[in-house]
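Results of the structural survey
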Amino acid sequence: MQKKTFNISKNLIAKLFVSPFFILHFSFFILHSNAFAQDRPNILVIFSDDHTQQTISAYGSSLMQTPNIDRIAKEGAILKNTFVTNSICAPSRAVLLTGKYSHLNGLKDNSPKRKFDGAQQQVQKLLSANNYQTAWIGKWHLVTLPQGFDYWTILPDQGNYFQPDFINMKKDTVRHQGYVTNVISDLSLGWLDKRDTTKPFFMVIGEKATHRNWMPAVEDLGAFENVEFPMPANFYDDYKNRRAALEQDMTVDKTMTIGDDLKIGVNYSKPGMFGRLNTAEKAAYKKYFDQAEIEYDKVKNDSAALIKWKYQRYLKDYLSTARALDRNIGRILKYLDSTGLAKNTIVVYTSDQGFYMGEHGWFDKRFMYEESLRTPFVIKYPGKIKPNTRVEDMVVNIDFTPTLLDMAGVNIPTDIQGKSFASRLLTNKTDKNWRKSMYYHYYEYPQPHKVPAHFGVRTTRYKLIRFYGPFDVWELYDLEKDKTEMNNLFGKPGYEKITTELKAELLKLVKEYKDVEAENILLKN
Ligand code: SGN
Ligand code: CA
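All residue numbers refer to position in the chain's written sequence, counted from 1. All chains are assigned letters beginning at A, and all ligands numbers beginning at 1, according to the order in which they are written. Residue-level local features of this predicted model are given only where pLDDT is at least 70; pairs of side-chain atoms are given and counted only at 80 or more, and the full residue set underlies all totals for whole chains, interfaces and linings. Each side-chain value is worked out from all heavy atoms of the structure, with water and hydrogens disregarded.

Our next topic: the site of ligand 1. Being near a molecule or strand, for a residue, comes down to having at least one heavy atom within 4 Å of it. In the vicinity of ligand 1 lie 15 residues, with Arg212, Asp364, Lys365, Arg366 and His449 positioned nearest. Think of a polar contact as two N or O atoms within 3.5 Å of one another; within protein, one of them needs to be a possible hydrogen donor and the other a possible acceptor, and neighboring residues in sequence only count if both atoms come from side chains. The contact in question runs from an oxygen atom of ligand 1 to an N or O atom on the backbone of cysteine 89, over 2.9 Å. One of the side-chain N or O atoms of glutamine 158 is found 2.8 Å from an oxygen atom in ligand 1. Each accessible area value is a Shrake-Rupley result obtained with a 1.4 Å probe; residue values ignore everything except the protein chains displayed when judging cover. In isolation ligand 1 exposes 460 Å². Once the protein is present, 75% of that is buried. Classifying every residue of the shell around ligand 1 by side-chain character gives two nonpolar, five polar and eight charged. Classification used: nonpolar for Ala, Val, Leu, Ile, Met, Phe, Trp, Tyr, Cys and Pro, charged for Asp, Glu, Lys and Arg, polar for all others including Gly.

Structure, rendered in C-alpha cells:
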C-alpha cells in the first residue's frame, strides 16, 4: 500500500516537473528571487507626522495639490486601504521599526516613561546584516536613542518648526538655522552625498510636518488665502450613542487654541516656538497673523462665526505645512533623479497615522474611526512596480517592514507579525488569501485629548470597537451605509448575527496577535 502511494506520487512529481504550469512558475520564482538578491535596491522611506489622506490629491483630496506625493503614486503604486495598529506617533514608529504590535514591541503610547527597547530586532539591523548602510534623520520621538543605524540625527521629542535642534550620534544637541522641513532635507541629502557608495542604503526621513501647531514656512504664509474650505458634513456632530466620542477633548471648537494653535496675539519675545523665529521670520509672521487677528476680532464674540473662522484658519496652517512637505519630497525625488539613484531606489511615502480635518468636529487622531485609522502609503520602484498600480487590499503598518525586507531579498524573521505585500505590488494580482480583517489597539488615556483606550476589528464592510477603561462600551458600524461612522448599530435589532461574527473574528485576531490584555477583557464579557 505504502509502495503504491510512493509510485503515484513519484509519477505525479515527474508529470508536474514537465508541465508548462510548473516550468512557468519555477522560472518566475528563479527570476524573481535572483532579481531581489543580486541587485539589492536602495530603500528610502519618507515618514511624516499626522499627514492624512484627506489632504493628499493622489487620494482624491480637493483641499490642495500634492504633486510630488502624487508623482510617487503615478510612477508606482498607491495603497488605498492602509491602516495603522495604534493611531499615535511613537507607537507607529515602533511598529515601522519592528513589524510588531505595540503589546509586543513594548511601545503602547507616547508617554516619556515608556521607553522603546532599542536592543530588540528592528528593520535597520536586519538590513545591516545584509550589507545595507542605514540612517534615520529627523523626528524620532522614541525617548531612547536609535540603535542599529550607521547614522542618525534626530529632533529631540517633537522638535521645533524653526531653528530646530538635532541630537547627533555624539549625543550633542546642535541648533540648525532654517525651517525644519528644509533642514531635514538638507541633512538627508547631505548624508546621501557622503554615504558609502559600495553598499545599498536604507534611510528613513522622519518629517515633523504636518504636526500641531502647524507653523508654515514663511514662503507658504498666505498660500491658501482666498480659499474657502468646505466643512465636513459631520463637523457639528452631537456624538449621539457614542459615549467615547462624547468623552474626547480634541474639538476645533473647544480644544484648539486661538493663541498657540492659531497664532493670534502670540508673544514673539517669549522663549518657545514663536521666540525661535529669527528677526525676518518674526516680521513676516507678525505681519501675516496681525491681518488674521483683524478677522478674528470681527468674529470673536459670535460663537457660530468664530468656530467657522477657526476651522478655516486650522486648514490654512495645516495645509501650508503640507505644502513645504510636498515641495521637499520633490527636492528629494529630484536628487535621486539627478544622481541616477532613482532607478534602483524604492521610495515610500507614508505617515505615522491619519488625522481629523474637522470630521466629527475634530483635529488630532487616536480613534479607530476611518480618518485616523488610515494612513497614506505610496511607493515607487522603477522597472519593478508598474506605474499607476492601485492596491485595494487591506494593508496594515505591521506589513511595511516585512515588505521592504522582502523587496531587499532579506529573510523575514518568523516573529514579525506583518506580512509582505511585495508580490502584490510586483505582480499586480490580488492575493486571494490576503487578510480580510484588521486588528487595532489604542491605549493612551486620559491625557492628552481624553480618548478612551479601545481595540477592535475592521472588515471591508464592518467595524466593531470595544472601548474600556473609564467605561466599557461597544460600537458597531456598517461602513457601506455609514461611511462617516455616525450611526452606532451595536445592540440594534437585526445586527445580532453580524455582531456575533465580528466578536468571534476579534477574539481570533487577538489570539493570533498574542494580545493577552485584550483577550482577558473579551473573555470577561
Ligand atoms: C502634542 C500635541 C497633541 C498631540 C500629541 C501627540 N499637543 O502633545 O495635540 O496629540 O503631541 O502627537 S501640543 O499642544 O504640544 O501641540 S504625536 O503625533 O506625536 O502622537
Ligand atoms: Ca503623529
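Time to look at the confidence of the model for the protein. For the protein, mean pLDDT is 94; residues scoring 70 or higher make up 93% of the total. Note: pLDDT gives the predictor's confidence per residue, expressed from 0 to 100. Contacts: residue pairs with any heavy atoms within 4.5 Å of one another. With pLDDT under 50 throughout, residues 1–10 is counted as low confidence; its partners more than four residues away or in other chains account for zero contacts. Scored below 50 in pLDDT, residues 26–37 makes nine contacts in the model with residues more than four places away or belonging to other chains.

This part covers the coordination of the calcium ion (ligand 2). Each metal's donors are the N, O and S atoms within 2.8 Å of it, or within 3.2 Å when it is Na, K or Ca, and because water is not part of the set, sites may look incomplete. Surrounding the calcium ion (ligand 2) are the protein donor atoms Asp49 (OD), Asp50 (OD), Asp352 (OD), Asp352 (OD) and Gln353 (OE1), which sit 2.2 to 2.9 Å from the metal. Angles of 49 to 171 degrees at the metal separate the six donor atoms of the calcium ion (ligand 2), which places the site in the irregular class. Every donor residue of the calcium ion (ligand 2) comes from the same chain, spaced as D-D-x301-D-Q. Placement of the pair is aspartate 50 in the loop between β1 (42–48) and α3 (67–75) and aspartate 352 in the loop between β9 (345–351) and α11 (370–373), with a sequence separation of 302 residues. Only protein chains enter the calculation, and the probe is 1.4 Å; a residue is then buried if its accessible area is under 20% of its type maximum, exposed if over 50%, and partly exposed in between. Looking at aspartate 50, the relative accessible area reads 0%, which means it is buried. Note on geometry labels: four donors, all angles 85 to 135 degrees, give tetrahedral; four donors become square planar and six octahedral when opposite donors are over 155 degrees apart and every other angle is between 65 and 115; remaining cases are irregular. Labels follow the DSSP assignment, with helices taken as runs of H or I lasting at least four residues and strands as runs of E lasting at least two, numbered in each case from the N terminus.

By salt bridge we mean one thing: a side-chain nitrogen of Lys or Arg within 4 Å of a carboxyl oxygen of Asp or Glu. According to the stated counting rule, one finds 42 salt bridges in the structure shown. Through salt bridges with shared partners, one network takes in Asp50, Asp364, Lys365, Arg366 and Glu444.

Turning our attention to α3. Among all positions of α3, only Asn68, Ile69, Asp70, Ile72 and Ala73 are buried. Next to the buried residues of α3 lie β2 (77–79), α10 (303–338), β9 and β10 (377–380).

This part is about the packing of helix α9 (residues 279–299) against α10. To define axes, lines are fitted to C-alpha atoms, for helices over the stretch in contact only, and angles between the resulting N-to-C directions are given on a 0 to 180 degree scale. At a closest axis distance of 9 Å, the pairing of α9 and α10 adopts a crossing angle of 160 degrees. Relative to α10, the element α9 lies roughly antiparallel. The handedness of the crossing between α9 and α10 comes out as right-handed. Each of Tyr288, Phe289, Ala292, Glu295, Tyr296 and Val299 in α9 lies in contact with α10, whose residues at this interface are Ala305, Leu306, Trp309, Arg313, Lys316 and Asp317. Orientation is classified from the angle alone, with under 35 degrees giving roughly parallel, over 145 giving roughly antiparallel, 65 to 115 giving roughly perpendicular, and any other angle giving oblique. For a crossing to be left-handed, the near helix must be turned anticlockwise from the far one by less than a right angle; the clockwise case is right-handed.

So, about the pairing of strand β15 (residues 462–467). Within β15, six of the six residues are buried, leaving the element largely enclosed by the surrounding structure. Of the two faces of β15, both are covered, the one formed by Tyr462, Leu464 and Arg466 as well as the one formed by Lys463, Ile465 and Phe467. Two strands pair if DSSP finds at least two bridges between them. Sheet topology note: the strand β14 (residues 454–459)/β15 ladder contains five bridges and is antiparallel. Looking at the pairing, histidine 454 lines up with phenylalanine 467 of β15. As consecutive antiparallel partners, β14 and β15 are separated by two residues. Direction of pairing for β15 relative to strand β16 (residues 473–478): antiparallel, over a ladder of six bridges. Counterpart to arginine 466 in the pairing with β16 is tryptophan 474. Between the end of β15 and the start of β16, which pair antiparallel, lie five residues, with glycine 469 showing a positive phi angle near 110 degrees.

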